[in-house]
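Residue strings, one per chain:
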Amino acid sequence: MNLLIICLFLGIGIFLVIQAFSFSSRRKKKKQKAKKAAASAAQKQYPDGVKPGCCPICGTPLVKPERVQSVVFEGGNEREGRLCHINGCVHCLSADSVKKRLCPVCRKEIPKTGHLVAMMFLRSDKSHHVHILGCTECHRKR
Ligand SMILES: [Zn+2]
Ligand SMILES: [Zn+2]
C-alpha cells in the first residue's frame, strides 16, 4: 500500500516537472512557431494546392510512419501514368476524425467512402509524381 502511494506521488511529481518545463518553453516556442509557420507558408506548393508531405485530402502534414492510403491499379505504364485512388490518411479516415476531407480540384467535401482519382507517374529520378484528377464527386461527372 505504501509503495503504491509513493508511486502515485512520483507520478504527480513527474507530471508537475513536465508541466513546468512545457510552460517555460512555451514562450520560446511561440516565437519559433511564428517563424515555422512563415517558413511552411513559403514552402513549395503544387499547382493543385497540395503540399508535399501532406495528405492531399485533409492537408495534415504527415510524419514518417504515417502514409497516405492509396490504391495503384495495374495497367498503363510508369511513364504514361497509372490510375490510382487516394483514400486519405489516418487523420481523415479514422471513424472519430473531425478533419475536413476536401477535394483539391472541386473544393467540395469528399465522403469517407469516397476517394481522389489520380494518375501516378514515375519520374526519371525514380520519384513518384501524383497528378490529382478529381474526387469521386467531380471526376465522375466529367
Ligand atoms: Zn488526410
Ligand atoms: Zn472533386
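Chains are numbered independently. Their residues run from 1 in the order of the written sequence. Key to labels: chains lettered from A, ligands numbered from 1, both in the order written. Totals for whole chains, interfaces and linings use all residues, but because this is a predicted model, local features are given only for residues with pLDDT of at least 70 and pairs of side-chain atoms are given and counted only at 80 or more.

Asker: Quick rundown of the pairing of strand S3 (residues 116-122)? Include the residues and the values.
Answerer: Should DSSP find at least two bridges between two strands, the strands are taken to pair. A run of H or I in DSSP becomes a helix once it reaches four residues, and a run of E becomes a strand once it reaches two; helices and strands are each numbered from the N terminus. Where strand S2 (residues 82-88) lies against S3, five bridges are found, and the strand directions are antiparallel. Each residue of the ladder has a partner; that of Cys84, found in S3, is Ala118. With seven bridges connecting them, S3 and strand S4 (residues 128-135) associate as antiparallel partners. Residue pairing in the sheet places Leu116 in a bridge with Cys135 of S4. Remark: five residues form the turn of the hairpin made by S3 and S4, two consecutive strands paired antiparallel; Lys126 in that turn has positive phi of roughly 75°.

Asker: Just give me the short version of the nonpolar core, but keep the residues and values in it.
Answerer: Soluble globular proteins tend to bury their nonpolar side chains together. Ranked by size, the top nonpolar core spans 13 residues in total, and within it Ile57, Ile86, Leu116, Ala118 and Cys135 carry the most contacts. Secondary structure elements with two or more residues in this core: S2, S3 and S4. With three residues, the top contributor of residues to this core is S3. The residues contacting Leu116, other than those within four sequence positions of it, are Pro56, Ile57, His85, Ile86, Cys103, Ile132 and Cys135. In this description, a nonpolar core means buried residues of the types Ala, Val, Leu, Ile, Met, Phe, Trp, Tyr and Cys, linked to one another by C-beta atoms lying within 7 Å. Remark: C-beta atoms are placed from the backbone, and a residue is labelled buried if 20 or more other C-beta atoms sit within 10 Å of its own, exposed if 12 or fewer do, or partly exposed between those counts. What counts as a contact here is a pair of residues whose C-beta atoms, placed from the backbone, lie within 7 Å.

Asker: Account for the environment of Phe121, naming residues and giving values.
Answerer: With respect to the helices, strands and loops of the structure, Phe121 is situated in strand S3. Under the C-beta neighbour-count criterion, Phe121 is labelled partly exposed, with 17 such atoms within 10 Å. Separated by 10 residues in the primary sequence, Phe121 and His131 have C-alpha atoms spaced 7.9 Å apart.

Asker: Can you lay out the sheet that holds S2 for me, pointing to particular residues and giving the numbers?
Answerer: If you trace the four strands from one edge of the open sheet to the other, you get S1-S2-S3-S4, paired in antiparallel fashion. Every interior strand has two partners, whereas the edge strands, strand S1 (69-72) and S4, have only one. Looking at each pair of strands side by side, their axes are set apart by 30° on average, direction ignored. Whenever a helix is involved, its axis is fitted only over the stretch in contact; in every case the axis is a line through C-alpha atoms, and angles between N-to-C directions fall within 0 to 180 degrees.

Asker: Residue-level account of the environment of Ile132, with values.
Answerer: Residue position: Ile132 is located in strand S4. When the 21 C-beta atoms within 10 Å are taken as the criterion, Ile132 is described as buried. Ile132 sits 27 residues away from Val105 along the chain, and the two C-alpha atoms are 7.6 Å apart.

Asker: Residue-level account of unusual backbone geometry, with values.
Answerer: Note: most peptide bonds trans; most residues except glycine with negative phi. The phi dihedral of Arg107 falls on the positive side, at around 65°, and the residue is not glycine. Turning to its location among the elements, Arg107 is positioned in the loop between helix H2 (90-93) and S3.

Asker: So what's going on with the environment of Lys108? Which residues, and what values?
Answerer: Tracing the backbone shows Lys108 in the loop between H2 and S3. Once residues within four sequence positions are removed from consideration, Lys108 is found in contact with Cys103, Glu137 and Cys138.

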